[in-house]
Each structure stands twice: as C-alpha cells, then as structure tokens.
Amino acid sequence: DRLRLLGMSEEEIQRLDREQKIHSHVPIAAPFNGRVIVRNLTKGEVVETTEKLFTVADLSEVWVTANIPEKDIPFIYHEHPDRQFVEVRVSAYPNDVFHGKITYVGDVLDPATRTMRLRLELPNQHRRLKPEMFATVRIYSEPGRQVLLVPEAAVQRDRERSFVFIQREPGVFEARNVHL
C-alpha cells in the first residue's frame, strides 16, 4: 500500500515481489501538472522517504499577497471582495498591467506594520509572473457619497499644500485648497 501511495505501478510491485531486487532508479510522479521550481538533490544521491526532493508549482495562476495600510481598510469590500477591480504591476514589466481578483481578506492586522493581508489571484497563462516578485497593487473602490472627484493631473502641489484651479469666468481662475 505504501508503494502504491508513492506512485509505484502494479507491474513494478509484482516485479519487486518476484525478483526481490530493488532498482536504484525510481520514477517520481507529481500529483498535479506543473513545473519543477526547486530541486534539492543531485544525480546519484541516495535519498530517504522523509526528504523533500522537489517543489512543483502550477504557475498558470499566481497569488499576490498585498499588505493594505489600516487607513485603507474601509475601501476593501469585505462582503464581496471579488467584485473589486484590481491592477497589479511588477518592475520586470513596467508597461504592463495585470488584472486579478481578491480571494482573501485578512481578519487581523499585523501589529508591527499596521497592515491587513489580502490575497489576489491573477491568471498567468504566459508564465511571466514569477514567485517572489515584488508588485504594486491598485484596488479600485466606489467613492463615498460626499466625495468630489477630479483627475489626478488637476491637483497641484506646493510644499505641504494641495490645490486645484477653479474657473470663475472665461480666462479667470482661482486656486482652491483641497484635502486629498
């Protein structure tokens, strides 16, 4: 039974019982399709059953773990986070935007960083996204009812002050301080 669990075929088990001879090469089959991303042995090495030989991963879809600052938690839909539009950028592909969905929203904050953990799932059919890449995540939410929206390019900054220009009449503009 243990040999079957390790992936040995019925013919191999019968051959082993009949010949009482152990072959030094044993094929190892992964329980799912994927790629070997870590190999912890060299050719000819003797191994034990408790050793971790390979790490196999299916990278057709990847997880991105995001740490959301405490002040931004109200903008995450806790009831239906998968309905939020998510953009992910990585420095390896600065001109590309990857889209995904939120599949997990943490319940507690990290006491050291004061952040909440999110997990995003992104399709990765071309295998461009790799494990351990750093990413910048943008999560879109609906604005509050009493919020004025202006294009980001319209906001001017001068030291600690942010302001926009309001047209009073044709050719006459007034600077108005804004709180972002």
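For clarity, every value in this text was computed on a predicted model and none was experimentally measured.

Draft legend 1. Quick peek at unusual backbone geometry. You will see that R114, though not glycine, has its phi angle at about 60°, which is positive. Within the secondary structure, R114 is located in the loop between β5 (98-110) and β6 (115-123). You will see that R159, though not glycine, has its phi angle at about 55°, which is positive. Considering the arrangement of structural elements, one finds R159 in the loop between β8 (156-158) and β9 (161-169).

Draft legend 2. Layout of the packing of aromatic side chains. The tally for this structure, following the rule as stated, stands at three aromatic pairs. Their ring planes at 40° and their centres at 5.4 Å tell us that F85 and Y140 sit as a pair that is tilted. With a gap of 55 residues between them, F85 in the loop between β3 (61-69) and β4 (86-90) and Y140 in the loop between β7 (135-139) and β8 connect regions that are remote in the sequence. For Y140, a relative accessible area of 33% puts it in the partly exposed group. Summarising the aromatic geometry, the rings of Y93 and F98 are spaced 6.3 Å apart at their centres and angled 65° between planes, so their arrangement reads as edge-to-face. By relative accessible area, Y93 is classed as partly exposed at 23%. For F98, a relative accessible area of 11% gives the class buried.

Draft legend 3. Highlighting the sheet that holds β4. One open sheet holds the five strands; their spatial order is β3-β6-β5-β4-β7, and the pairing between them is antiparallel. The open sheet terminates on both sides in strands that have one partner only, identified here as β3 and β7. Strand-to-strand twist across the sheet, computed as the mean angle between neighbouring axes with direction ignored, equals 35°. Both β3 and β6 contribute to a ladder of nine bridges, which runs antiparallel. Counted as the bridge partner of N67 is R117 from β6.

Draft legend 4. Up close: a nonpolar patch on the surface. Together, I28, V36 and F54 make up a nonpolar patch on the protein surface, roughly 280 Å² of accessible area in all. Along the polypeptide, V36 turns up in strand β1 (residues 35-39).

Draft legend 5. Quick look at the nonpolar core. In terms of nonpolar packing, the biggest core is built from 19 residues, with V88, L118, L120 and L122 touching the most fellow members. Elements represented by at least two residues in this core include exactly β3, β4, β5 and β6. Ignoring anything within four residues of it in the chain, the contact list for L118 reads V64, T65, A66, I68, I76, I102, Y104, V105 and I139.

Draft legend 6. Up close: the pairing of strand β10 (residues 172-177). Here β9 runs beside β10; their pairing, made up of six bridges, is antiparallel. Along β10, the bridge assignment pairs I166 with E174.

Draft legend 7. Focus on the pattern of salt bridges. Per the counting criterion, the structure on display carries nine salt bridges. A salt bridge links R15 to E12, with the shortest nitrogen-to-oxygen separation between them at 3.5 Å. Of the two residues, R15 and E12 both sit in helix α2 (residues 10-19), three residues apart, roughly one turn of that helix. On the accessibility criterion, R15 (11% relative accessible area) is buried. The partly exposed category is assigned to E12, whose relative accessible area is 33%. Its salt-bridge partner being K71, residue D72 comes within 3.2 Å of it at the nearest N-O pair.

What counts and what doesn't
Residues numbered from 1 in each chain as written. Predicted model: local features only at pLDDT ≥ 70, side-chain atom pairs only at ≥ 80, totals over all residues. Heavy atoms only, no water. Helix = DSSP H or I, 4+ residues; strand = E, 2+ residues; numbered from the N terminus. Phe/Tyr/Trp six-rings, centres within 6.5 Å; stacked < 30°, edge-to-face > 60°. Buried < 20%, exposed > 50% of the residue type's maximum accessible area, 1.4 Å probe, protein only. Pairing = 2+ DSSP bridges. Axes fitted to C-alpha atoms, helices over the stretch in contact; angles between N-to-C directions. Patch = residues over 30% accessible without salt bridge, like charges linked within 9 Å, V, L, I, M, F, W, Y side chains within 5 Å. Areas by Shrake-Rupley, 256 points an atom, 1.4 Å probe, with all protein chains shown as cover. Salt bridge = Lys/Arg side-chain N within 4 Å of Asp/Glu carboxyl O. Core = buried A, V, L, I, M, F, W, Y, C linked by side-chain atoms within 4.5 Å. Contact = heavy atoms within 4.5 Å.

The analysis is restricted to geometry; functional conclusions fall outside its scope.
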